[in-house]
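The lines below spell out each chain.
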Amino acid sequence: MASRLASKSPAATLVKDSAAAALVAALLALPLLGFRMTDTARGLVLDYRFPLVLWSAGVVFAGRLLFTLAGAAIGRRLAARPPRAAARRWPLSGGRGRALAGWAMVGFALVLPLTPFGDRNLVDKATLLLIYIMLGWGLNIVVGLAGLLDLGYVAFYAVGAYSYALLSQAFGLSFWLCLPIAGLMAATFGMVLGFPVLRLRGDYLAIVTLGFGEIIRVVLLNWQSLTGGPDGVYDIKRPSFFGLPFSAFAPEGHQTFAQFFGLAYSPNQRIYFLYYLILILALATNLFTLRIRRLPIGRAWEALREDEIACRSLGINPTKTKLSAFAIGAMFAGFAGSFFATRQGFISPESFTFIESAIILSIVVLGGMGSQVGIVLAAVLLVGLPEWFRDLQLYRMLAFGGAMVLIMLWRPRGLLAHRDPTILLADHPAPSPADPTAPSEVSP
Amino acid sequence: MDYFLQQLINGLTLGSIYGLIAIGYTMVYGIIGMINFAHGDLYMVGAFISMIAFMLLAVLGITSVPLALALVLVMAMLFTAVYGWAIERIAYRPLRGSFKLAPLISAIGMSIVLENYVQIAQGARVKPMQPLIQGGFDLSLQPGHHTSLSLLQILIMLLTVGLMAVFSWIITKTPLGRAQRATEQDMTMATLLGVNVDRIISATFIIGACLAAVAGLMVTLYYGVIDFYIGFIAGMKAFTAAVLGGIGSLPGAMLGGLLIGLIEAFWSGYFSIEYKDVATFGILVMVLIFRPTGLLGKPEIEKV
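Residues numbered from 1 in each chain as written. Chains lettered and ligands numbered in written order. Predicted model: local features only at pLDDT ≥ 70, side-chain atom pairs only at ≥ 80, totals over all residues. Heavy atoms only, no water.

> Describe the side chain of Gln153(B), and please don't skip the residues or the numbers.
Residues and elements named next belong to chain B. Relative to the assigned elements, Gln 153 resides in helix H5 (residues 151-173). When its relative accessible area of 5% is taken as the criterion, Gln 153 is described as buried. Engagement of the side chain of Gln 153 in a polar contact is seen with the side chain of Tyr 222, the distance being 3.0 Å. Those residues in contact with Gln 153 that sit more than four places away from it in its chain are Ile 9, Asn 10, Thr 13, Ser 148 and Tyr 222. (Helix = DSSP H or I, 4+ residues; strand = E, 2+ residues; numbered from the N terminus. Buried < 20%, exposed > 50% of the residue type's maximum accessible area, 1.4 Å probe, protein only. Polar contact = N/O pair within 3.5 Å; in protein donor to acceptor, adjacent residues only side chain to side chain. Contact = heavy atoms within 4.5 Å.)

> Got a sec to walk through the nonpolar core? Specific residues and values, please.
Membership of the largest hydrophobic core comes to 223 residues, with the highest contact counts inside it found for Ile347(A) and Phe37(B). Of the residues forming this core, the biggest block, 17 residues, is contributed by helix H6 (residues 120-145) of chain A. Summarising the domain contributions, this core has at least three residues from each of domain 1 (2-86) and domain 2 (100-410) of chain A. Discounting chain neighbours no more than four positions away, the residues touching Ile347(A) are Ala161(A), Tyr162(A), Ala165(A), Asp231(A), Gly232(A), Val233(A), Ile236(A), Phe340(A), Ala341(A) and Phe352(A). (Core = buried A, V, L, I, M, F, W, Y, C linked by side-chain atoms within 4.5 Å. Domains from an automatic or database assignment.)

> I'd like a rundown of the side chain of Lys237(B), residues and numbers included.
Residue and element names in this part refer to chain B. Along the chain, the position of Lys 237 falls in helix H9 (residues 230-245). Accessibility expressed as a relative area gives 3% for Lys 237, which makes it buried. Apart from residues lying up to four places away in sequence, Lys 237 is in contact with Tyr 18, Ile 260, Glu 264, Asp 277 and Thr 280.

> Which residues make up the pattern of salt bridges, and what are the values?
Residues and elements named next belong to chain B. On inspection of all chains with the given rule, the structure shows 14 salt bridges over all chains. A salt bridge links Glu 264 to Lys 237; its shortest N-O distance comes to 3.3 Å. Of the two residues, Glu 264 sits in helix H10 (residues 250-270) while Lys 237 sits in helix H9, which places them 27 residues apart along the sequence. Comparing Glu 264 with Lys 237, the two get one shared label, buried. Of the charged contacts in the structure, one is a salt bridge between Lys 237 and Asp 277, with a shortest N-O distance of 2.9 Å. Linking Lys 237 in helix H9 with Asp 277 in helix H11 (residues 276-290), this pair joins segments that are 40 residues apart in sequence. Note on accessibility: Lys 237 and Asp 277 belong to one class, buried. (Salt bridge = Lys/Arg side-chain N within 4 Å of Asp/Glu carboxyl O.)

This is the structure:
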């Protein structure tokens, strides 16, 4: 941009450029913003809103002008600086710094309900956020470590949720018993679905997993006798604290949590309990990932992600290795799913649409594939922030989609893109991450 | 037999629509190797623009159906093409040659943006339209049965065949098509030989958007109702069609589209309408397992 401005008449070029952008904006806005089909008693009627078209053109013109000017100014300043300063690193890019940030986050999460601003509402939102963080960490095993693009992760989340809901309703099993069963069910589903498709190429795998996600949702929607169809399952049992329920009154011969500990009953107790429960589940997922990366199987995943042919020649069985990643990722989604069911008390296929898969995958990719702290940041950005603006329901998803595009344009490798290799030869310096501007493989 | 024939006609009509969308996926995949996730939403945008254009023409007092159809076709293609071009320019071009998943995420984001933009701009309610083209032929073979082929179905199939002919001509005979094929084979080499790759990729998105707009127009006429969410499921089926036919192959996309349409029609006709999407994806999975390159795709050899 700066070089183009340096040509003969920078001002004229700039204005022309902005005018072109404004023209495109007007053309985009004209059919869909300029006209509106309004429902009336006589059917659809066309309304005209041409000022909106002019507004969008004007905003784009001004925006383009300002951004180009600002970009040129920043470019000049960067050019004036010594080159080392220009190539500054992301503040959390070092391994030590990131570990420190991670511990700080864990500490913050632990004390959050005790702080003065940790009221019921905030803790509830943090619980939701933690579900997404846990799902992000679970999917990270599949996408970040093993490099398998899974667009239907929400299917396993649904399997976990329905497993718990149906088991607890049909057999009266408790949450704690169902949690491992739900994880196992989801992992089994992962194996069954994964086995035939894991030898497919990346993009095909993505689309097949997307298809599976939809199939599971359609089955949940239509298998009325088992899943209740679109009405879902309700009155799902709430979890108890080692058999002590969080309710105002205990059933005959039992004690509630509050009675046992001699506390006054408060509905907040359950909310805080759920918060700590998902915190523990999420941290377990994280710990598992961190540890398994050091085990042969974790190393095999990462090796497979980097080069499948090389792995094969080194005697790694790609199908088994991929399948294990797929199943373990699915298992964590199953855990998260049964937690979701117990927290909501009600589940329906509505909660397991493709958009959820897209959100979880974006969290992983925006976080910088494979970076555990990055996933937390991305989840806060994509799920936490919009959650605070729930009043602007209509514009929330628009902003969400826009943020996905903008973050990708800004940092195509994710927020925390730098990743230290798990293992290094002693003499060799760490290889620099691949230059994002270098041309990568384009399909042949 | 009558019932079979009816499902065949319905399936071919539906398949034509899927095929037109599938071409957009397959072309983009062939050239830049990305799944243009927002393509299904372009089809939705095309449907909305078509409906608005019809209403506008009605306000302007143009009542001749062929004239209105031609004008709407042009308008829908034109404006949807601007959308296709802008999406590539804003969300994909800066990411070209970047990390492999980045364009996919950007495309998913773009798809969410388009859906919500249309929802905000036009409202979430389903938009109905009066049937514009009525009448048809009775093809009943046996008395007491009923098989019909409507004018609209004939129009959809003819338009698809016509567009396919024009499109094949563009790809095989014109300089643009030659440049496109060159870019598809080797982008670097094409650049070295003086092909303006940026322009070719833009052209690809524009052509894809035009075909999606036609599909959107057809679906508006055929079903008579549209909403902001139609792009997702149709886009997914069209992508399935592209993979089924062999991604990157243009005749394959059309063939895949027709097959998906037929599978859907016959499954809904003979088994259950609720599980028609399951049938589609089930067949996709089968094809990928037993013939991963699709029906007409070339096998891909991975080199070290």
